[in-house]
Amino acid sequence: MRKLTSLIIVLLISLFLCSCMGEKVSKYTSQSSETDESLINNPTGVSEGQIQQPTIYYQGNLYSYSFQGFQTTLASRYALIGVIKDVDLYNMPTEDFCATGVDLQSGQEVYAETTDYPSLIFVDLSETYMPLTLVSNNDSSDVEIDGEKYQTTSTESDSTSSEESTTTVEQVDMESIEALIKDYYEKTVFEVETMELESKTAGSIVYTICASKDGVVQEPNRSIHLKLKDGIWQVVNEGY
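As the structure is a computational prediction, the values presented were derived from the model and not from experiment.

Covered by surrounding structure in strand S2 (residues 61-64) are Asn61 and Tyr63 together with Leu62 and Ser64, the residues of both alternating faces. As defined by bridge partners, strand S1 (residues 55-58) adjoins S2 across four bridges and the pair is classed as antiparallel. Looking at S2, one finds that Thr55 is bridged to Ser64. Hairpin connection from S1 to S2: two residues lie between these consecutive antiparallel strands, with Gln59 at a positive phi of about 50°.

Looking now at the side chain of Ser119. Within the element layout of this structure, Ser119 appears in the loop between strand S6 (109-112) and strand S7 (120-124). When sequence neighbours within four positions are dropped, the list of residues in contact with Ser119 reads Tyr63, Leu132, Thr133, Leu134, Tyr184, Lys187 and Thr188.

So, on to helix H3 (residues 174-186). The terminal C-alpha atoms of H3, which comprises 13 residues, lie 18 Å apart, in line with the 18 Å expected from a rise of 1.5 Å per residue. Residues Met174, Ile177, Leu180, Ile181, Asp183, Tyr184 and Tyr185 constitute the buried set of H3.

When you line up the elements, Ser204 lands in strand S10 (residues 204-213). A distance of 2.7 Å separates polar atoms of two side chains, one belonging to Ser204 and the other to His225. Beyond its immediate chain neighbours, meaning those up to four positions away, Ser204 contacts Ser199, His225, Leu226 and Trp233.

Quick look at the environment of Thr133 now. Mapped onto the elements, Thr133 comes out in strand S8 (residues 129-136). For Thr133, a relative accessible area of 7% gives the class buried.

A full pass over the atoms with the stated rule returns six aromatic pairs. Each ring, one from Tyr65 and one from Phe70, has its centre 5.3 Å from the other, and the planes form 25°; the classification is stacked. On the basis of relative accessibility, which here comes to 43%, the residue Phe70 falls in the partly exposed class. Between Tyr78 and Phe122, the aromatic rings sit 5.0 Å apart at their centres with planes inclined by 80°, giving edge-to-face as the arrangement. Of this pair, Tyr78 sits in the loop between S2 and strand S3 (79-83) while Phe122 is found in strand S7, placing the two residues 44 residues apart along the sequence. Considered together, Tyr78 and Phe122 belong to a single accessibility category, that of buried residues. Put simply, the rings of Tyr58, Tyr63 and Phe97 pair up and form one aromatic cluster. Directly above the aromatic system of Phe190 lies the positively charged group of Arg222, at a separation of 4.3 Å from the ring centroid.

Cut-offs used in this document
Residues numbered from 1 in each chain as written. Predicted model: local features only at pLDDT ≥ 70, side-chain atom pairs only at ≥ 80, totals over all residues. Heavy atoms only, no water. Buried < 20%, exposed > 50% of the residue type's maximum accessible area, 1.4 Å probe, protein only. Helix = DSSP H or I, 4+ residues; strand = E, 2+ residues; numbered from the N terminus. Pairing = 2+ DSSP bridges. Contact = heavy atoms within 4.5 Å. Expected span 1.5 Å × (residues − 1). Polar contact = N/O pair within 3.5 Å; in protein donor to acceptor, adjacent residues only side chain to side chain. Phe/Tyr/Trp six-rings, centres within 6.5 Å; stacked < 30°, edge-to-face > 60°. Lys NZ or Arg CZ within 6 Å of the ring centre and 35° of its normal.

As structure tokens, this is what we get:
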């Protein structure tokens, strides 16, 4: 009788342990499935609807990170201009020192050259600096640099005919274009070593740039894109 009672107790304990183990396995499997599904639906780690590209609003302009790497030091011409006041991951900023995008946080220091509209600003990420490039302003989504200096020249006399005033590929002053590119890079931490024309149309020009920083040639080569707008050549994109 005692043996039968002991056997029943052992069986009851075994059933209880199996039940607990099954609940743990089921709970772990459920959590693992949820995690796997989250990684599949959101491989970047950024929630749906959030803005990933770091962007800051400053003096009526938007500055965005173009994924061109980080810097460990800044040139002496860059000074502290303020700190990030607020970060909204779901909306583009519309006030000075407000921001959006991953890696940016309230309180981070912002550096730039002491000019009215710097072409480049930096955010202090403690051990590195993130460069953000001017991408838009109040008047246009393009970056304008010394517009009057780089107006397109024409070999034809003035005419009221729109066809005669239309710029052709042959009329593009490439020396002025290259001077514009050099002026652009003079406002950054990079120095142009060589530049090579990649493509050219009447309204669009792309150059491949070999640039250096502090005497060290940067790899890979960079690319700069210019477009003609209202008779003025403008830098619209620069990066790798």
